[in-house]
Amino acid sequence: MNPITEELIAPCGINCALCSRYLAYKNNLNRSQCIGCRPADRNCTYLFGKCAETNNPTTKMRIFCYECNHYPCQHLKRVDLRYRKYYHTSIIENLERIRQFGIRQFIEEQYLKQRCSRCGGLISVHNGKCFACDEVTKLVEKSNSHRRHATSE
Ligand SMILES: [Zn+2]
């Protein structure tokens, strides 16, 4: 079953289900965690309060950026550039696919693309690792929990 739900697609087109911080939460790893932009119902982290639409209490987190009159604004373009450069993902392309083909099809495409062939878990867009079965990711978790345990004694 596809673990990516509609509410995990952020207004800016970022797929929270593929975010390292969300995957840490989902797989209960001892590292920085996040439940996803829409579920957290916070102001947008990336647009830093510069966006009147996603941060507007009446429309907040219910829209996609392509529904905005300012789309694609310079703030969105900056995030897109960063994602293309470091993570080989275009969030504007994500938004365009959602607009053209709908959220359901987008979610299916994302799952086919980022599904781990070994365990069926999701591969992070940030480090290219499966957070459910990658040994290095689990090692990080182990060493962190060991350190935390040691300092609490
Ligand atoms: Zn896996």
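Analysis parameters
Per chain, the residues get numbers from 1 upward, laid out in the order the sequence is written. The model is predicted, so local features are restricted to residues of pLDDT at least 70 and side-chain atom pairs to those at 80 or more, both for listing and for counting; the totals for chains, interfaces and linings are taken over all residues. Nonpolar cores are built from buried Ala, Val, Leu, Ile, Met, Phe, Trp, Tyr and Cys residues. These are joined into a set through C-beta atoms within 7 Å. Each residue is classed by its C-beta neighbour count within 10 Å, where at least 20 other C-beta atoms makes it buried, 12 or fewer makes it exposed, and intermediate counts make it partly exposed; the C-beta atoms are placed from backbone geometry. Each helix is a run of DSSP H or I of at least 4 residues and each strand a run of E of at least 2, with the numbering of both proceeding from the N terminus. What counts as a contact is two residues whose backbone-derived C-beta atoms lie within 7 Å of each other. The axes are straight lines fitted to the C-alpha atoms, using for helices just the contacting stretch, and the angles between their N-to-C directions are given from 0 to 180°. Between 65 and 115 degrees an angle is taken as roughly perpendicular, under 35 as roughly parallel, over 145 as roughly antiparallel, and anywhere else as oblique. Throughout this entry, Asp, Glu, Lys and Arg are counted as charged residues, while Ala, Val, Leu, Ile, Met, Phe, Trp, Tyr, Cys and Pro are counted as nonpolar. The remaining residues, Gly among them, count as polar. Here the expected length of a helix is defined as 1.5 Å per residue gap, with one fewer gap than residues. Think of it as the arc spanned by the lines of direction from the helix axis to the C-beta atoms.

Draft legend 1. Expanded view of the nonpolar core. Of all hydrophobic cores here, the largest spans 30 residues; its most connected members are C12, C16, A17 and I91. When residues of this core are traced back to their parent elements, those giving at least two are α1 (20-26), α3 (74-87), α4 (91-101) and α5 (103-114). In contact with C16, not counting residues within four places along its chain, are L8, A10, Y22, G36 and C37.

Draft legend 2. Representation of the packing of α4 against α5 within the structure. For the pair α4 and α5, the least separation of the axes is 7 Å and the interaxial angle reads 130°. The angle between α4 and α5 falls in the class oblique. Contacts between α4 and α5 involve R97, I98 and F101 on the former and, on the latter, I103, Q105 and F106. Per-class residue counts for the contact of α4 with α5 are four nonpolar, one polar and one charged.

Draft legend 3. Representation of the environment of Q110 in the model. Residue position: Q110 is located in helix α5. Once the C-alpha coordinates of Q110 and N2 are considered, the two residues, 108 residues apart in sequence, prove to be 9.5 Å apart. Excluding anything up to four places from it in sequence, Q110 contacts I4 and N15.

Draft legend 4. Region of the structure containing α3. Under the 1.5 Å per step criterion, the end-to-end length of α3 is 19 Å for 14 residues, consistent within 8% with the ideal 20 Å. L76, V79, D80 and Y83 are the residues of α3 that are buried. The arc that holds the buried residues of α3, viewed along the axis, is 100°, so those residues lie on one side. The exposed residues of α3 that point more than 90 degrees off its buried face are Q74, K77, R78, R82, K85 and Y86. Considering only its buried residues, α3 is in contact with α4. Trailing α3 by a residue or two, H88 shows a phi angle of about 50°, which is positive.

Draft legend 5. Broad picture of α5. End to end, α5 covers 16 Å across twelve residues, agreeing with the expected 16 Å (1.5 Å per residue, within 8%). All buried positions along α5 are accounted for by F106, I107 and Q110. Buried residues of α5, viewed axially, fall in a sector of 100°; they line one side. With respect to the buried face of α5, the exposed residues turned more than 90 degrees away are R104, Q105 and L112.

Draft legend 6. Representation of unusual backbone geometry within the structure. Of the consecutive residues Y71 and P72, the connecting peptide bond is found in the cis state with omega at -10°. In this fold, P72 is placed in the loop between α2 (37-40) and α3. Positive phi is not limited to glycine here, since N28 has a value of about 55°. On the secondary structure map, N28 appears in the loop between α1 and α2. Even without glycine at this site, H88 takes up a positive phi of about 50°. Take H88: it is sitting in the loop between α3 and α4.

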